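Next come the chains, spelled out residue by residue.
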Amino acid sequence: MSAPLDKPQVVSHSQKSLNYSLFDSKWIPCSAKFVCLGSSCRGTGLMQIYELQHGGIKLVKETEKTKPIKCGTFGASSLQQRHLATGDFDGNLHVWNLEAPDVPVYSVKAHKEIVNAVDGVGGLGIGDGAPEIVTGSRDGTVKVWDPRQKDTPVANMEPVEGETKRDCWTVAFGHAFNDQDRCVCAGYDNGDIKLFDLRNMSVRWEKNIKNGVCSVEFDRKDIQMNKLVATSLEGKFHVFDMRTEHPTKGFASVSEKAHKSTVWQVRHLPQNRDIFMTAGGAGNLHLWKYEYPAKRSEMDGDGEERGVAGTLNLLQNVTLSTQPISSLDWSPDKQGLCVCSSFDQCVRVLIVTKLNRV
Amino acid sequence: MSLDTISSSPLHTQPASLTTHSVPVEHLDYKYIEKCSDLKYLEKILGVLRSGKEGIYPHLTEFCEKHIEKLDPRSRALRKENFPATSASFSKDEWDQITNELQTWENEIKINDVELNKQLFFCNDVNIPPVRGSNCSIQKVTYSGDKAYSKTCHLPRSYQDWDKFDVEKECAKIDETLTTKESAAIIDDSLLKIQSKIDTTGLTEQEKVVLANREKDKGNEAFRAGDYEEAVTYYTRSVYIMPMTTAYNNRAQAEIKLQRWYDVLSDCERVLQLEPHNTKENRQAAVRGGMGNAQKKAHSGGARGPTANKYKVKAEGEPAAVANRKNLANGSSSSGSSTAQPANGRPDSPGEERTESTCASGALPPPLARLKNEGNQLFKNGQFGDALEKYTQAITGFTEAEDLCILYSNRAACYLKDGNSSDCIADCSRALELQPFSLKPLLRRAMAYESLERYRKAYVDYKTALQIDSSIQAAHDSVNRITRLLIEQDGAEWRQKLPEIPAVPVSLRQHHTAATSSTHLHKENDTQEARFTSLKTEGNELVKKGQYQEAVGKYSECLKLKSDECAIFTNRALCFIKLKRFAEAKQDCNSALNLESSNKKAFYRRALANKGLKVRVLPLEVNPTIQYSVTALLKQQRATGSPSQPRRDITITEVEDDDEEGDAVKSSSDGEQKSTSQTINLQPSNAYEFGQALNAARSLNDTAACAQLLRTVPPDSLPQYVSTQLDGHTLSFIMKTLDTHLLASEPGVVYQLLDHLHTTERFSMVLMMLNPDERRQMTQLFEHLCSVDCEDFSQNDIKNLANKYI
């Protein structure tokens, strides 16, 4: 099948082999720089800042920390500050000023075990309301932090006493379209997806997709819940239309098998919420477009409104490596620019072309 | 190796154990693959081919892929591993564009980055909401106990299970629909509200730009998803942060979708305030003006009128802007995705323009020709505003119809490119006044109408253009598109709302396409024809059921579709008669007779109607009988035609009318009339047929039929027709008929008939055999005949005749 050139192409801009395990990579907002987070072979944490320079990438800063860093986010920081919040293997949540990364501006022992995922909202102008960071950990809890409040989380979601604690693999903010409303979505190793409503402090929705949930993300954090993508361990991912909830049938969803291995990550294009990229365990990336149905909701026989799922359209797929892609991040400033890290200790900058034409 | 015989049942005919994938090796064959239409199985075959277990056949694999693609272009089996594109995958231009774009962005963003770092920042906690729960004790209580979820916990797969995990199998499950029960959640929608204002205190300009753009993007996304309300809210947020023309533009677009015309107007005005020469806005303004008008028309709401008109004036009062609109032309609507304008990608090329101009420029005086050529050149270069001025100058300087037509047409093209649809329409109309049915102005006007969403007019123009030249693909496409839109808008009966499509004189149709064009037209007529027929059938059905009122409705609809159908008029007349609305019935009969001056049914029914009206009018000069004026017609026919061989086909020719004709006769006021038209041949051409008809009438005791029969027969040839068949009963039957039916209306005919009848063979014999009753009848007849005054005969004549009979 020849690839017609009018569909988006994934161009490898530059790549760099590193001498440590990469877990996460994030663009620094409003810059041509990105941060790589990982674990050195000595078991310490590494935080490196790279910058795009004349068609290549160049290391501009490197900081070593005591514990391997698993994840990071800029989501709760203002554009002026651009502080990076990270979660490490020891369960700590730190917020760093990248200009002076020696001491954290905020530090808390958030969890008993590794922080698997972190997400932020309220900063960068994304999401109304207070800046908040959510962390999900192997200890089974999901906690919401406000960088202005020391030591204690502003919300803590954990299973009741006596219940087995499931490993939380992924967390995501969403529904933050005004000062009060805000939701946290968490995915667990047993396939549970839980949606916590932070305004009402209740579990709003639960669903089990049978296999471990590797990554969840709302298409937008700062609008009324629109779509949620959840990827799973065995190579499927599900897209839920979160606008219409049926009392018994819940949210309409469409699922797709894409990678013949775990789908590690899903990231929506910041410039178009209907386009997203999934990163697979076999080192491949798939670019998707969600097509809305003609009518997003319909009345069922009982007069209840039921959502109608759209369809997924594979725009492009590429294989970058033989090892899993551990992280993927779109540049918030330049459409189509993205960075991804993989377990072959490589960081890659990619350009996806023609995204404005799909 | 070919297995054609089992291709219909591809699976399970071969032992499944032949290969690991249960694909028999025989199936790895071109012929088999070509015939197989089972997608799943083909995917399996492809899997085997790709695995290389049965050997590697690159061509066969490719063939299989192509076949699958034919069946389902989105099949998952076709997804292949691709590798990242490199510079080699692009043309040099494309690659340069990509790298340059990135480089520019890199430089820009670095400057931004540095600027951002330079700015002194201080914590602006003022505009950040408080820490969650910190100042709200109730909330604190709610979740101080920590949120706990107590639902039964699913266990993940154990690690041992993963060893046995079959990715293919798990993935295959996805095709089965999974319906899992989900917990019900109650969503409290009452408080879901997006604030239309954002606190931006303490934000730097840079941040505001980012923010405003982001809000606009959200609006665009919502627009694409069809949530126009939400889109408007986000655009509002965007302009609140920073007034940008694009956001206003887009908001206007969303408001159009929501049909909030006042908001649209105010947004457009704001854009023009910000950027007096904003081209897109002018275009949209025109669109909006038109839409406003359309809206006004549709709802006849006076309130909207002034808005639209005012705007139109405003749009026209911006000549500077018009001139500056040249950049717009090449569909450079940056947010084209969100502005669902149908104006993009018009099939109107400057090349076409040139050919038109070169052939005509000879006729123009040199300075004007130059102006026009300059205009054409500018048009070709995309400088539509400048071209517009040139054309305008040329138009003002010259008044020859043919050239003016072209100039107007060209200027219309400029207007169209500029998005000034209303002016385009005006120019096209002018051009069409000068030269009716010229193709280009028609097409341009159609496009302009379409962009103004005046689809009906656009439809008519496209149709007219297609009559002239049916080979214009773009017009066909547009017609299809508009048809869809109109059906959506007006429902199934959208055609009725269309203005009339003018018929193009055949001489103007382009000859090479004339045939196809007419077939196209026919197609349209066919659909109308079908509707017409169905309506008519329904009407006839209703008549049979006796629902005359409803039938009248159906026939009236028919007449709306086709006003030149005689049968419908006569049918409706029948219904009116049944409904005792004689005046209307008469009118219908008159209309029918206007269309077909010799329609018997119309005559007959008019007679009935007249009878109902108790107005006795002499319909035709030949015979003064009103009740059966049909006869008059027949006589006339015979008189003008060949008298010796009267035409036979008097019976009604329209099949669907037969039934109700029966009805009509049966129910006519005489009561004794029977349905005779089918059984009795009322127009005999020889003695045998006459005899048969007469016998039939007599056996039915149908004097009316007999009367008709006698009317059709020329009196002087009556003896020949009767020939030797005369007997007492027949004679008395004829007498009876003459007495009851013909005497009152046509005494002359009666006299002539009687005058000839006695010359018949065996007449004297028959006369002798008459019984007293029959004799009395005859006497009666003559008495009646005596009392009638007629120019055709005198009393003496009657007496003489009577002597022969009695």
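Model, not experiment: these values are computed from the prediction. (Residues numbered from 1 in each chain as written. Chains lettered and ligands numbered in written order. Predicted model: local features only at pLDDT ≥ 70, side-chain atom pairs only at ≥ 80, totals over all residues. Heavy atoms only, no water.)

Novice: So what's going on with the overall build of chain A? Residues and values would help.
Specialist: Per the secondary structure count, chain A includes 0 helices and 30 strands. Evaluated residue by residue, chain A yields a buried proportion of 72% over its 358 residues. Sequence-distant contacts, at least 24 apart, represent 49% of the contacts inside chain A between residues at least 6 apart. Of the roughly 10800 Å² of accessible surface on chain A, a fraction of 47% belongs to carbon and sulfur atoms. (Helix = DSSP H or I, 4+ residues; strand = E, 2+ residues; numbered from the N terminus. Buried < 20%, exposed > 50% of the residue type's maximum accessible area, 1.4 Å probe, protein only. Contact = heavy atoms within 4.5 Å. Areas by Shrake-Rupley, 256 points an atom, 1.4 Å probe, with all protein chains shown as cover.)

Novice: Give a detailed account of the overall build of chain B, specifying residues and quantitative values.
Specialist: Within chain B, the regular secondary structure consists of 37 helices and 1 strand. Counting the 806 residues in chain B, one finds 47% classified as buried. The long-range share in chain B, meaning contacts at least 24 apart out of those at least 6 apart in sequence, stands at 63%. Here chain B has roughly 40700 Å² of accessible surface; of this, 52% comes from carbon and sulfur atoms.

Novice: Before we move on, could you go through the packing of aromatic side chains and cite the residues and values that matter?
Specialist: Residue and element names in this part refer to chain A. Per the counting criterion, the structure on display carries 13 aromatic pairs over all chains. When the centroid spacing of 5.2 Å and the interplanar angle of 85 degrees are considered together, the rings of Tyr-290 and Tyr-292 count as edge-to-face. Above the plane of the ring of Phe-173 lies Arg-182, whose end atom (NZ or CZ) is 5.8 Å from the centre. (Phe/Tyr/Trp six-rings, centres within 6.5 Å; stacked < 30°, edge-to-face > 60°. Lys NZ or Arg CZ within 6 Å of the ring centre and 35° of its normal.)

Novice: Describe the sheet that holds strand 8 (residues 92-96) of chain A, with residues and values.
Specialist: Two strands in a sheet stick together by hydrogen bonds in their backbones, pointing the same way (parallel) or opposite ways (antiparallel). All names here are of chain A. Spatially, 4 strands are ordered 6-7-8-9 in an open sheet, and the strand pairing comes out antiparallel. Two strands in the sheet have a free side with no partner beyond their single neighbour: strand 6 (69-73) and strand 9 (106-109). For this sheet, the mean inter-axis angle between neighbouring strands, taken without regard to orientation, is 15 degrees. Across 4 bridges, the pairing between strand 6 and strand 7 (residues 84-88) is antiparallel. Within strand 7, the position partnered with Cys-71 by the bridge is Gly-87. (Pairing = 2+ DSSP bridges. Axes fitted to C-alpha atoms, helices over the stretch in contact; angles between N-to-C directions.)

Novice: Outline helix 17 (residues 384-396) of chain B, listing residues and values.
Specialist: Under the 1.5 Å per step criterion, the end-to-end length of helix 17 of chain B is 18 Å for 13 residues, consistent within 8% with the ideal 18 Å. For helix 17 of chain B, the complete set of buried residues consists of B:Phe384, B:Gly385, B:Ala387, B:Leu388, B:Tyr391, B:Ala394 and B:Ile395. (Expected span 1.5 Å × (residues − 1).)

Novice: An account of the UniProt feature "repeat: TPR" (unreviewed entry) in chain B is requested, with residue identities and associated values reported.
Specialist: With numbering matched to this structure, UniProt assigns "repeat: TPR" (unreviewed entry) to residues 212-245 of chain B. Counting secondary structure, residues 212-245 of chain B comes out at 85% helix and 0% strand; the distance between its end C-alpha atoms is 12 Å. (UniProt positions renumbered as here; feature names shortened; annotations may be inferred.)

Novice: I'd like a rundown of the side chain of A:Asn116, residues and numbers included.
Specialist: All names here are of chain A. Mapped onto the elements, Asn-116 comes out in strand 10 (residues 115-121). Within the structure, Asn-116 has its side chain in polar contact with the backbone oxygen of Cys-168 (distance 2.8 Å). Residues contacting Asn-116, with those up to four places away along its chain left out, are Lys-70, Cys-71, Gly-136, Ser-137, Arg-138, Asp-167, Cys-168 and Trp-169. (Polar contact = N/O pair within 3.5 Å; in protein donor to acceptor, adjacent residues only side chain to side chain.)

Novice: Before we move on, could you go through the pairing of strand 17 (residues 202-208) of chain A and cite the residues and values that matter?
Specialist: Where burial is concerned, most of strand 17 of chain A is hidden: 5 out of the 7 residues are buried. In this antiparallel pair of consecutive strands, strand 16 (residues 192-197) of chain A and strand 17 of chain A, the connection spans 4 residues, and A:Met201 shows a positive phi of 50 degrees.

Novice: Outline the sheet that holds strand 29 (residues 337-342) of chain A, supporting the account with residue identities and numerical values.
Specialist: Residue and element names in this part refer to chain A. Taking strand neighbours across the sheet as the criterion, the 4 strands line up as 1-30-29-28 in an open arrangement whose pairing is antiparallel. Looking at the sheet topology across the chains shown, the edges are occupied by strand 1 (10-17) and strand 28 (325-330). The average angle at which neighbouring strand axes cross in this sheet is 20 degrees, direction not considered. Summarising the sheet, strand 28 and strand 29 pair through 5 bridges and their orientation is antiparallel. Within strand 29, the position partnered with Asp-329 by the bridge is Val-339.

Novice: With reference to specific residues and values, describe helix 8 (residues 205-225) of chain B.
Specialist: Residues lying three or four places apart along an α-helix face the same way, a consequence of the helix completing one turn every 3.6 residues. If you check helix 8 of chain B, its first and last C-alpha atoms are 30 Å apart, about what 21 residues at 1.5 Å a residue would give, namely 30 Å. Of the residues one or two after helix 8 of chain B, B:Gly226 is the one with positive phi, at around 90 degrees.

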